[in-house]
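# Report on the structure
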Amino acid sequence: IMDAAPATDSARKVGNLLMGKYMMAFEGAGLLILIGIFGAVLVSRPGRFPDREERDAYVAVDEMPPPVDDDALKPTSNTLSSDAVSVLDVHKDGRN
């Protein structure tokens with residue numbers, strides 16, 4: 001196994017490449033990062049309704065919905081066929 005030591009001027013070579021041949025790509029990446037930071041700050045700002053009362057008017061209420069009275073949604077029979085597996089049985093033991 002060879003012990004390879006890094007070149008003593010490798011940092012200078014990388015710096016020359018970033019500020020020479022790849023300068024536009026390096027600046028473009030910095031600009032994209034800056035735009036991402038501005039976008040994150042813009043998204044995290046409070047919206048049009050920073051007050052609690054005004055915000056609550058546009059937020060869903062934590063209440064149970066009213067029951068649906070529709071005969072088309074009711075089951076056709078109360079019995080299951082012998083080969084049918086109920087949803088409760090599947091979730092009870094975790095097997096099919």
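Residues numbered from 1 in each chain as written. Predicted model: local features only at pLDDT ≥ 70, side-chain atom pairs only at ≥ 80, totals over all residues. Heavy atoms only, no water.

Right, let's get into the overall build of the protein. Across its full length, the protein carries 4 helices and 0 strands. Order of helices (α) and strands (β) in the protein, N terminus to C terminus: α-α-α-α. The buried share of the protein, taken over its 96 residues, is 1%. Summed over its atoms, the accessible surface of the protein is roughly 9700 Å², and 62% of this surface lies on carbon and sulfur atoms. (Helix = DSSP H or I, 4+ residues; strand = E, 2+ residues; numbered from the N terminus. Buried < 20%, exposed > 50% of the residue type's maximum accessible area, 1.4 Å probe, protein only. Areas by Shrake-Rupley, 256 points an atom, 1.4 Å probe, with all protein chains shown as cover.)

A few words on a nonpolar patch on the surface. A surface patch of nonpolar side chains, amounting to about 610 Å² of accessible area, comprises V14, L17, L18, M19, Y22, M23 and F26. Of all the elements in the fold, those that place two or more residues in the nonpolar patch are α1 (10-18) and α2 (23-44). With 3 residues, the single largest contributor to the nonpolar patch is α1. Along the polypeptide, F26 turns up in helix α2. (Patch = residues over 30% accessible without salt bridge, like charges linked within 9 Å, V, L, I, M, F, W, Y side chains within 5 Å. Salt bridge = Lys/Arg side-chain N within 4 Å of Asp/Glu carboxyl O.)

A pair can form between side chains of opposite charge whenever their charged atoms are brought close. With the rule as written, the count across this model stands at 1 salt bridge. The closest approach of N and O atoms between R12 and D9, which form a salt bridge, is 2.8 Å. With relative accessibility at 23%, the residue D9 sits in the partly exposed group.

Across the protein, the average pLDDT comes to 76, with 59% of residues at or above 70. No element of the protein has a lower mean pLDDT than helix α4 (residues 87-93), which averages 57, and none a higher one than α2, which averages 93. (pLDDT = per-residue confidence, 0-100.)

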